[in-house]
Amino acid sequence: MNVLSCSINTLNGLYDLSGVEVGQHFYWKIGGFQVHGQVLITSWVVIAILLGSAALAVRNPQTIPTGGQNFFEYVLEFIRDVSKTQIGEEYGPWVPFIGTMFLFIFVSNWSGALLPWKIIQLPHGELAAPTNDINTTVALALLTSVAYFYAGLTKKGLSYFGKYIQPTPILLPINILEDFTKPLSLSFRLFGNILADELVVVVLVSLVPSVVPIPVMFLGLFTSGIQALIFATLAAAYIGESMEGHH
Amino acid sequence: MANMIMASSKTLITSPPTPKSTPTPIPSLTTLTPKFSFSIPPKTLTIATTIATTLAATPLPSLAEEFEKAQLFDFDLTLPIIAAEFLFLMFTLDKLYYSPLGNFMDKRDAEIKEKLSSVKDTSTEVKQLEEQAAAVMRAARAEISAALNKMKKETAAEVDAKLAEGRKKVEAELQEALGNLEKQKEETIKSLDSQIAALSQEIVNKVLPVQ
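The rules behind these values
- Residues numbered from 1 in each chain as written.
- Chains lettered and ligands numbered in written order.
- Predicted model: local features only at pLDDT ≥ 70, side-chain atom pairs only at ≥ 80, totals over all residues.
- Heavy atoms only, no water.
- Helix = DSSP H or I, 4+ residues; strand = E, 2+ residues; numbered from the N terminus.
- Buried < 20%, exposed > 50% of the residue type's maximum accessible area, 1.4 Å probe, protein only.
- Contact = heavy atoms within 4.5 Å.
- Areas by Shrake-Rupley, 256 points an atom, 1.4 Å probe, with all protein chains shown as cover.
- Phe/Tyr/Trp six-rings, centres within 6.5 Å; stacked < 30°, edge-to-face > 60°.
- Lys NZ or Arg CZ within 6 Å of the ring centre and 35° of its normal.
- Core = buried A, V, L, I, M, F, W, Y, C linked by side-chain atoms within 4.5 Å.
- UniProt positions renumbered as here; feature names shortened; annotations may be inferred.

Caption draft 1: Main features of the overall build of chain A. The number of helices and strands found in chain A is seven helices and two strands. Counting all 247 residues of chain A, 48% fall into the buried class. A sequence separation of at least 24 residues applies to 67% of the contacts in chain A between residues at least 6 apart. Accessible area for chain A stands at about 12,000 Å²; split by element, carbon and sulfur atoms hold 71% of it.

Caption draft 2: Representation of the packing of aromatic side chains in the model. Residues and elements named next belong to chain A. For the structure shown, the criterion picks out 16 aromatic pairs over all chains. When the ring of Phe78 is compared with that of Phe102, the centres are 5.4 Å apart and the planes differ by 55°; the resulting orientation is tilted. With Phe78 in helix H3 (residues 67-87) and Phe102 in helix H4 (residues 95-114), this pair connects stretches of sequence that are 24 residues apart. In this structure Phe102 comes out as buried when scored by relative accessible area, which is 10%. It is Lys163 that lies over the ring of Tyr164; its NZ or CZ is 5.5 Å from the centre.

Caption draft 3: Just unusual backbone geometry, in detail. Of note in this structure, A:Val211 is not a glycine but carries a positive phi near 65°. Position of A:Val211 among the secondary structure elements: in the loop between helix H6 (172-207) and helix H7 (213-243).

Caption draft 4: Here's a closer look at the nonpolar core. Ranked by internal contacts, the top residues of the largest apolar core, which has 64 residues, are A:Trp94, A:Phe97, A:Ile98, A:Leu103, A:Ile239 and B:Tyr97. Only helix H2 (37-58), H3, H4, helix H5 (134-156), H6 and H7 of chain A together with helix H5 (78-207) of chain B provide two or more residues apiece to this core. With eleven residues, H5(B) is the single largest residue contributor to this core. Ignoring anything within four residues of it in the chain, the contact list for B:Tyr97 reads A:Ala54, A:Val58, A:Phe72, A:Val75, A:Leu76, A:Leu103 and B:Gly102.

Caption draft 5: Structural detail: the UniProt feature "transmembrane region" in chain A. All names here are of chain A. If you check UniProt for "transmembrane region", the listed places come out as residues 38-58, 95-115, 134-154, 199-219 and 220-240 in our numbering. A distance of 30 Å separates the end C-alpha atoms of residues 134-154, which is 100% helix and 0% strand. Secondary structure over residues 199-219 splits into 76% helix and 0% strand, and the C-alpha atoms at its two ends are 13 Å apart.

This is the structure:
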C-alpha cells in the first residue's frame, strides 16, 4: 500500500508539473443549474471581439475600401463564396448563419491559441477556447441540425420528409440515423480537435518549455482555422442538401 | 486521458478516498522491478501481488479523487446559453456587418457595372463626335476652297479689267498718234502742193521764154 501511494504521488507530481486541467470546470450556479463559467467568460470575450471589430470596420463604408473594411469585405466575400458553393443560388438568407458559425468558431479557436487566457487564474478550472467545451460544440451542432430541418421544411413543406425514403424505403433507418450522426460528428470533430490541440501544446510546453512547441502551436493555428472552415462548410452542405430538389 | 474520461462517469468514483499525505518511506525503483529478475524473494513477491490486486481492485483511488470533478462530457445549462449567445451574435452581426456591408458591396458592384456599360456607350459617342469633327473639317475645307475660288475669280476679273483699260488707253494713244501723223502728213502735202505750184510756175518760166 505504501508503494502504491508513492507511485500515485509521483504520478500526481507529474500531473501537477504538466498543469493539464482537463474536464475541470469553473462552476456557476444559475437557478439550481450548473454552468461552466470559464466557457461563458471566453465566449463573451469572443463575441465582444467580433462585434467590436465588425462595428468599427463597417461603421462608415467607403467606396474604395481600406484597412479594416477591406479585410471585412474579404471575409464576407469568403463566407458568401462558401455558402454559394454549398447551398446554391438561394444562399442569401443563410449567409448570417454560415458566417456567424465560421467566425465564432474561428475566433474561438484562435483565441484559445493566441490569447494568454492562462494568465487569469480561476478558482477552479482554467480559461480556454470556448470550443474546448463539449457544450459549445454540441450547441453549435444542434443549431446546425435545426437550421437544416428549418431550411428543408420552409423550402418544401412536409414533402421534405420524402427524402428519408428517397432512393429506396430500405434506406429509411440509415437516413434517420444520419440525422443523429450529423450533429454528433460535427460536435465531436470540433471538440476533439481543439481539445487535443490545446493538450498537445500544454504537454509539450511542460516538457520542453522553449522552441519545440512553436511548430506545434503553428500547427494548432492551422487546424483551428481548418476546423472552423470544415464546420461552416458542412453546415452549409447540410442546409444545401436539405434544400435541393430531389426527383 | 483514458483515466480522465473514465473518471468522467460519476459512478466509477465510489472508492473511499485515501488520505493524500501519508508519510511513506520512498522505496527505490529496485523494489518495484523485481518482477523481472529470476530470483524473486518471497517478501517482494507478496508486495508485487498486493500492488497488482489493489491496482485491479481500485483504479488509482487518489487520482480518482483528484479528478472527481473532471468531467469532459458534462452537459448542463451552458449548452442552451451558448446556443442563445450564438443566435444573438448571428442577429447582431447580421444587423451590424453582413447586411449593411453586403448591401453596400452589391450597390457598388452595380454602380461599377453601370459605369462600365456607360463607358462602352461613350465609345459610340466618341465615334459620333469624330464624325462630327470630320464633317466640320469637310465644311471648313469646302468653305476655304469656295473662298479661294471666289478670290481667284475676283482677282482675275480685276486683272482683266485693268488689262482692258490699259489696252484701251494704249489704243487711244495710238489713235491719237496716228491722227496726229495723218494731220502732219496732210499739212506737209498741202504745203508741198503750194510749193509745187510755185516751183512748176518757176520751171515753166525758166523753160519757156518770156513772150
